[in-house]
Structure formats: C-alpha cells, structure tokens
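# Topology and contacts: notes
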Amino acid sequence: MQDKTSSLRETFKELIGRVNSSEEIEKLRVEFLGKKGHIASLMSQLKTVPNEEKKAFGQSVNELKQKIEQQLAEAHEKIVKLEEQRQINAAEDYDVSLPMNIEMGSYHPITVIQREVEEIFRTMGFTIEDFSEIVDDYNCFEAVNIPKYHPARDMQDTYYLDNGQLLKTHTSAAQNSIMRKYGAPLRAVFPGRCFRNESTDACHENTFFQMEGIMIDEDISISNLIYFMKTMLSEVFGQDVTVRLRPGFFPFVEPGFELDIQCLICGGEGCPSCKNSGWLELCPCGMIHPNVLKYGGIDSEKYTGFAFGLGLTRLAMMKYGVKDIRVFNSGNLKALSQFIGK
Ligand code: FA5
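Residues numbered from 1 in each chain as written. Predicted model: local features only at pLDDT ≥ 70, side-chain atom pairs only at ≥ 80, totals over all residues. Heavy atoms only, no water.

Attention now goes to the overall build of the chain. The secondary structure content of the chain amounts to 11 helices and 10 strands. Against the globule reference of 20 Å for 342 residues, the chain gives a C-alpha radius of gyration of 36 Å, more extended than a compact globule. Expressed as a percentage of its 342 residues, the buried residues of the chain come to 42%. Long-range pairs, those at least 24 residues apart, make up 69% of the contacts in the chain with a sequence separation of at least 6. Summed over its atoms, the accessible surface of the chain is roughly 19,400 Å², and 51% of this surface lies on carbon and sulfur atoms. (Helix = DSSP H or I, 4+ residues; strand = E, 2+ residues; numbered from the N terminus. Rg over C-alpha atoms; globule rule 2.2 N^0.38 Å. Buried < 20%, exposed > 50% of the residue type's maximum accessible area, 1.4 Å probe, protein only. Contact = heavy atoms within 4.5 Å. Areas by Shrake-Rupley, 256 points an atom, 1.4 Å probe, with all protein chains shown as cover.)

The next point concerns the packing of helix α5 (residues 109-123) against helix α8 (residues 222-237). Between α5 and α8, the shortest axis-to-axis distance is 10 Å and the interhelical angle comes to 135°. Judged by the angle between their axes, α5 and α8 are oblique. Crossing handedness for the pair α5 and α8: right-handed. Residues Ile113, Glu116, Val117, Ile120 and Phe121 of α5 pack against Met232, Glu235 and Val236 of α8. Looking at the contact of α5 with α8 residue by residue, the classes come out as six nonpolar, no polar and two charged. (Axes fitted to C-alpha atoms, helices over the stretch in contact; angles between N-to-C directions. Parallel < 35°, antiparallel > 145°, perpendicular 65-115°, else oblique. Left-handed = near helix turned anticlockwise from the far one by under 90°. Nonpolar A, V, L, I, M, F, W, Y, C, P; charged D, E, K, R; others polar.)

Moving on, we come to helix α4 (residues 51-92). For α4, built from 42 residues, the straight-helix expectation of 62 Å at 1.5 Å per residue is met to within 8% by its first-to-last C-alpha distance of 62 Å. Those residues of α4 lying buried are Phe57, Gly58, Ser60, Val61, Leu64, Ile68, Leu72, Ala75 and Ile79. (Expected span 1.5 Å × (residues − 1).)

The next point concerns the environment of arginine 244. Positionally, arginine 244 belongs in strand β6 (residues 243-247). Judged by its relative accessible area of 33%, arginine 244 is partly exposed. For the pair arginine 244 and leucine 259, spaced 15 residues apart in the sequence, the C-alpha separation amounts to 5.8 Å. Once residues within four sequence positions are removed from consideration, arginine 244 is found in contact with Glu258, Leu259, Asp260 and Trp279. A polar contact of 2.8 Å, which involves the side chain of arginine 244, links it to the side chain of aspartate 260. (Polar contact = N/O pair within 3.5 Å; in protein donor to acceptor, adjacent residues only side chain to side chain.)

Around the ligand, 24 residues are found, and the nearest of them are His170, Ser172, Arg196, Glu198 and Glu205. In this structure, a nitrogen atom belonging to the ligand sits 2.8 Å away from a side-chain N or O atom of serine 172. Between the ligand and the protein, one listed contact pairs an oxygen atom with a side-chain N or O atom of arginine 196 at 2.8 Å. Within the shell around the ligand, the residues separate by chemical class into 11 nonpolar, seven polar and six charged. (Near = heavy atom within 4 Å.)

In terms of nonpolar packing, the biggest core is built from 44 residues, with Val117, Phe306, Phe308, Leu310 and Leu315 touching the most fellow members. At the level of elements, α5, β5 (207-217), α8, β7 (253-262), β9 (285-288), β10 (304-311) and α10 (312-320) are the ones that each hand at least two residues to this core. With seven residues, the single largest contributor to this core is α8. Excluding residues within four positions of it along the chain, phenylalanine 308 makes contact with Phe121, Val189, Met211, Glu212, Gly213, Met229, Cys283, Pro284 and Cys285. (Core = buried A, V, L, I, M, F, W, Y, C linked by side-chain atoms within 4.5 Å.)

Let's shift gears to the domain arrangement of the chain. Taken domain by domain, the chain comprises domain 1 (2-92) and domain 2 (109-339). In this structure, domain 1 and domain 2 have C-alpha centres spaced 71 Å apart. (Domains from an automatic or database assignment.)

Once that is clear, we can look at α8. Given a rise of 1.5 Å per residue, 16 residues ought to cover 22 Å, and the 23 Å separating the end C-alpha atoms of α8 matches this to within 8%. Within the sequence span of α8, burial applies to Leu225, Phe228, Met229, Thr231, Met232, Leu233, Val236 and Phe237. Phi for glycine 238, located one or two positions after α8, is positive at around 60°.

Here the focus is the packing of aromatic side chains. Summed over the entire model, instances satisfying the criterion amount to seven aromatic pairs. Measuring from centroid to centroid gives 5.1 Å for phenylalanine 121 and phenylalanine 126, while their planes differ by 70°, and the two rings are edge-to-face. Relative accessible area serves as the criterion here: at 0%, phenylalanine 121 is assigned to the buried category. For phenylalanine 126, a relative accessible area of 3% corresponds to the buried category. Within the aromatic cluster, the residues linked to one another by ring pairs are Phe121, Phe126, Tyr227, Phe228, Phe306 and Phe308. Across the ring face of tyrosine 107, the terminal group of arginine 115 is positioned such that the distance to the ring centre comes to 4.5 Å. (Phe/Tyr/Trp six-rings, centres within 6.5 Å; stacked < 30°, edge-to-face > 60°. Lys NZ or Arg CZ within 6 Å of the ring centre and 35° of its normal.)

Structure below.
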C-alpha cells in the first residue's frame, strides 16, 4: 500500500512540473483531489488494509493530499502571473500596418437637431444652458405658477422618487433657476430630456426632448416672439413650412399660444403621425406670466419676456420624415445611424 502512495507522489510530481495553464492545473486538481480522483480512490482502499497498517497508510495518504494541495496552489499562483504577462505581451505585439477599421459612429438624430437649433439661437445672442433631469416639485411646478392641486398638473403626470423629487416633465422646470442665475435682461435656450407617465403612440413618447427658450428685456412683445419662432423654423427646415398660432393655456404664460406645424409626413391630409388632424403641436409659447418673473427675482413692472417649449423630438420627426416617434428611443441602429451630424 505504501508503494501506491509513493508511486502516486511521483506521478503527481512529474505532471505538475509540466503544467502550462490554469486550465491544466484545474484538470490536475480534479484528477487527484476530485470526488473520483486518485486520493479518494486510495482512501476507499483503506478498508482492505490490514489493521496494523491502517494508521500509517491513512497518515501517508493525508500527507500526500496536503502536499498535492500545496503544490497546486503554488503552481496556480505562478501560472496566473505568467498568463497575465502573456496577455500583456500579446497586446503589445500588434501590427501597425494592419488596415484601420474606418467604420465611423454617428450622432443620434436628436443630438443632430439639438445642436442645429442651439446654433441658430446662439447666433441670435442666446446662451445655451444645461439643467438636471431630476428636479423638485417647486422648480417643475410651483415656480412656473402651477401650485399644488392645480388641474394643469394632470397633463404632466410623471415618475416620482422616494425622496419626493421627480423626473422633469418639461424644460420649463429650469426657468426659475436660470432667471435667478442671470437676472434680466436675459436670452437663453435650454434643451433637455423630459418624462411623462403617458401612453405612447406615433407622436407621443414617455421620454422625449424639448428645448425651452426665454427672452426677457424691457418692451418685449408678442412680435418678438413670432419673429424668433419664424426665424428658427425657416432656418431648421430651409424652406417655408405652414404653421398656425392658436390660443393655448399654460399657467406660466399670459397670453399663451399653441404653435402647430402642418404635418410634413402627410402634407396636412391626416395620418397616424399627426393623429389624423393634419397638424402637429410643436412649440407652445407665450408671454411670461408676471408671477413667474417675480418668482425668478425679476422686476415684472420693468421687464417682460416670452417663453417657448419646442418639442425637439417632434421637430426631428418632421425634419427627417420619421413617421413614428418611438423610433428615436428604439435603439434600432439601422434607422438611427443615418444621421452623421457634427
Ligand atoms: C409644455 O411642456 C410647456 N412647458 C411648453 C411651454 C413652454 C409653453 C414655455 C409655454 C411657454 P406641452 O405639454 O404642450 O407644453 O409640451 C410642449 C411640446 O413638447 C409639445 O408641443 C410637443 O411638441 C412636445 N411633447 C409634449 N408631450 C410629448 C410627448 N409625450 N411625446 C413627444 N413630444 C411631446
């Protein structure tokens, strides 16, 4: 029996000297220490060993087992280091003359159109501002004249966090902070992602982009508002588009308007993209309510201003002829990678 342990010791010694990878070490471990391995098989022979030899035999199998465990651990440590070094060497060993993978990525169409509209407003003296997606109730609603329990809140149900904060429903949520930051006079646009708890269809998403704009100065009137809206749309589309202005209610503007664009998918005939009306609500706007100016720390006797909330995702639909708004959040690269952008 002692012969068996010493022959096994010799075999192991020879094999462990030859291992070259962590997989080989694992194989060896299973072969010797596994449930059906050599050590287990020796132990199972204990019952056939004469009583007077049992103790010595048991001890020598245990010693061998410990030795094997120790040598496997040492070999494993060495091999891991060696393998790391091999990986480093392989990474350094690349061929600089290989042809480059020149497949370029592309910008998301919303990024493309956002940058385009930002540039249009930048050239008209507006600054571009950023704002968080998680806001508090005050900024999203109260500071824009929508107190608690106001029915206008029903149109903008959203996702609330446990701490009472919420995902912003409109870019108007940034108005107060920007007014407080810069005071008047002020010209700023602030794009952002908005969230609403609503059913989706061809022109409604639960996650979409808007771009807010505000201009505050002495003697700002509806004529200024109309001028900037017209300029922006003719620059974006590079052609005349048919728009209509109709009264619209938003607690933060007075008077307020809905600016609709004639659907460019169906040419005004009516289709699913415009809910068969021939028109798409694109850019509500109006003269900033004096309360909102006051909350923003601006003297509403001296200053007036306009504000608009451009639906950027809908603008992208119209500009690129995308029939279903849900394409933009689909992650479908076949559709989305056609827009290179700058
Ligand atoms: C607002 O969000 C106002 N804060 C806009 C505003 C700003 C008015 C300043 C006056 C002054 P409204 O909920 O209508 O308004 O959304 C504005 C635009 O965002 C819509 O015209 C539309 O183009 C876009 N929009 C709104 N909801 C969705 C939606 N679920 N999916 C895609 N686009 C949307």
